[in-house]
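# A closer look at the structure
Below, each chain spelled out in residue letters.
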Amino acid sequence: MDSVSRSAVTPTKSRLARTIAKVLHLRAATGIAPVDGIQKGNSQEFQKGSYQEIGVQKSKSHEIGVQKARSQEIGIQKVKSKENENQKFKSQEVGIQKVQDGWNAPKVRVTLSQSFEKNNDKLQERAALEALLAKLFASISSVKAAYAELQYAQTPYDAEGIRAADHTVVDELKKLSELKRCFLNKQFDPSPETTVVLAEIEEQKSVLKTYEIMGKKLESQVRLKDSEVIFLGEKLEEANKQNKLLEKRVYQSGQIYVPDNIHLSGLSPSHFITVLRPTVKSIRSFVRTMMDEMKSAGWDIHAAAHSIDGGEVAYWKEDHKCFAFEHFVCREMFDAFQYPNFSLPNEFLPDKKKQQQQLFFERFTELKPWKAKEYLFRNPKSAFAKFCRVKYLRLIHPKMETSFSGNLNQRNLVSDGEFPNTNFFSIFADMAKRVWLLHLLAFSFNPEAAIFQVSKGCRFSEVYMESVAEEAFQSTASEPLVGFTVVPGFRLGKTVIQCQVYLTSQLQSNRIKQR
């Protein structure tokens, strides 16, 4: 066998191969057998042995070492081949991955396109549903409009309109059924955008038609209400005429409606108002009669009115000057109304308050059913007769009576305790009777009714005043002020009966003052 040389082992193979070679050479130098590990002895017997056997063993050991070195080399080569195979395998895997990546690229593109198609389908389906809903709402609006038209055609009855509205309702219900079928079968409109716009236009037309029908219905209701107002106005006018006739009859009879069974303890402010209203009417009736006499006698009404109001009141209308004469008559007739004797200083009255109330109420119930002239002729010395004399002499000036009748005969008769039988005095006596009854009733209350009036130039108050001229509130030039009190007001406990005033503007009052 050939010996193993150092060049047999390639030093460039690997570090492991070089290490193994060094170990083998070291064992050979020290005499250690590579197989059994028996060390060479110094005994002679061993030395005397067959050197051939030793040589054979050495050669065998050398062969075994070479084989081991070769096996190590082969192992190293196997390891390297395995490493190369691993590298190749890894490179193959990378290649496979690259190939797989190359195969996946079109797959990604396919997935994106599929998702885009799915989103597009969803959008188209949503648009189709919106179009279907738009058509649904338009059809419902058409049904509402047709139903409103059907109701409108019923009152007043319109057979042709009812037939047309019914036909429209049936058609729209069929459209709704068709929309339901399309929805269940998923039969959508191919052009939803156009369908939505057309459906909205149709819906707006139906809504407009509904509003038009409602407008017509409201107009018919307004006409109906107007006819009712006219009818009620006619009834009111008729009732007012009847009331005036009844008032005229009551006025001519000289009676005042107060319940006969009323007692002193049952008096209320409503009874006082019941007596006050005919009293004011009788005053105005006397003022009209007096003004007619003045006009017949050639009086200057304008100058007479300004002599009463002091020339400081501007009248809204020319015929409002009659309020100045009413103011004059009320001022004279209601003078001393707040006193129990009422311009009769010598009239005897009981000292006790309760007895006075009883006396006034008895006089009231006694005089109430009588006519004024009849009572005066029957009782010429009564308290009422004395009251008529005093008020007539104060109210009718001698110059006025002379201008009316040309003499003072009526005045002289009244002064002598008699009463003239003339129309002028009859109207005055009726007015005096009502004022006297109002005074008697006022002092029958406990506490008695109080009278009040408003001074000139005061501001208007709705609590205490009532305007006789509505024109004062129509002017915005300035705040209206009281020109004078026409009819006084009264207070019964917590109840206030408004006084009647004539209002004038501050600007007009200032202009008159400057003149």
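All values reported here derive from a predicted model rather than from experimental measurement.

### Some points on the overall build of the chain
Counting its regular elements, the chain contains 16 helices and 6 strands. Counting only residues that meet the buried cut, the chain has 33% of its 515 residues in that class. Expressed as a percentage of contacts within the chain between residues at least 6 apart in sequence, the contacts between residues at least 24 apart total 72%. Per element, the accessible surface of the chain, about 33600 Å² overall, is 54% carbon and sulfur.

### Comments concerning the sheet that holds strand β6 (residues 499-505)
Taken together, the 3 strands give an open sheet; going across it, the order is β2-β6-β3, and neighbouring strands pair in mixed fashion. Taken across any chain shown, the strands that pair with only one partner, and hence form the sheet edges, are β2 (465-467) and β3 (480-487). Within this sheet the neighbouring strands show an average axis-to-axis angle of 45 degrees, counted without direction. As paired strands, β2 and β6 are joined by 3 bridges and run parallel to one another. Residue pairing across strands places Glu-466 opposite Gln-500, the latter belonging to β6.

### Let's talk about the packing of helix α9 (residues 353-367) against helix α14 (residues 423-442)
Contact geometry for α9 and α14: axes closest at 8 Å, N-to-C directions at 145 degrees. Between α9 and α14 lies a crossing whose hand is left-handed. Between α9 and α14, the contacting residues are Phe-360, Arg-363, Phe-364 and Leu-367 on the first element and Lys-433, Trp-436, Leu-437, His-439, Leu-440 and Leu-441 on the second.

### Some remarks on the side chain of Ser-139
Here Ser-139 lies in helix α3 (residues 51-154). Under the relative-accessibility criterion, Ser-139 is labelled buried at 4%. Sequence-distant contacts of Ser-139, that is, excluding residues within four places in its chain, are made with Glu-172, Lys-175 and Leu-176.

### Here we look at the confidence of the model for the chain
This prediction gives the chain a mean pLDDT of 77; 72% of its residues lie at or above 70. A low-confidence stretch, residues 29-62 stays under pLDDT 50, and its non-local contacts, those more than four residues away or across chains, total 15 contacts.

### A closer look at helix α6 (residues 269-296)
Because each turn of an α-helix spans 3.6 residues, side chains separated by three or four positions in sequence point in the same direction. For α6, which comprises 28 residues, the first-to-last C-alpha distance of 41 Å matches the rise-based estimate of 40 Å (1.5 Å per residue) to within 8%. Once α6 ends, the next one or two residues include Gly-298, with phi positive near 85 degrees.

Rules used throughout
Residues take numbers from 1 onward in each chain, read along the sequence in its written order. Local features in a predicted model are, by the rule used here, given only for residues with pLDDT of at least 70; side-chain atom pairs are given and counted only at 80 or more, and totals for whole chains, interfaces and linings are based on all residues. Heavy atoms throughout the structure, all of them, feed into the side-chain values; hydrogens and water do not. Secondary structure counts use DSSP, requiring at least four H or I residues in a row for a helix and at least two E residues in a row for a strand, with both numbered from the N terminus. Throughout this description, buried means an accessible area under 20% of the type-specific maximum (1.4 Å probe, protein chains only), exposed means over 50%, and partly exposed covers the range between. The contact criterion used is simple: two residues touch if any of their non-hydrogen atoms lie within 4.5 Å. Accessibility throughout is a Shrake-Rupley quantity obtained with a 1.4 Å probe, and a residue counts as covered only by protein chains that appear here. In this scheme, strands are said to pair when DSSP sees at least two bridges between them. Each axis is a line fitted through C-alpha atoms, taken for helices only over the stretch in contact, and angles between the N-to-C directions span 0 to 180 degrees. Put simply, a crossing is left-handed when the front helix is turned counterclockwise from the back one by less than a right angle, and right-handed when it is turned clockwise. Confidence scores per residue from the predictor, reported as pLDDT, run from 0 to 100. Expected helix span is taken as 1.5 Å per residue step, with the number of steps being one fewer than the number of residues.

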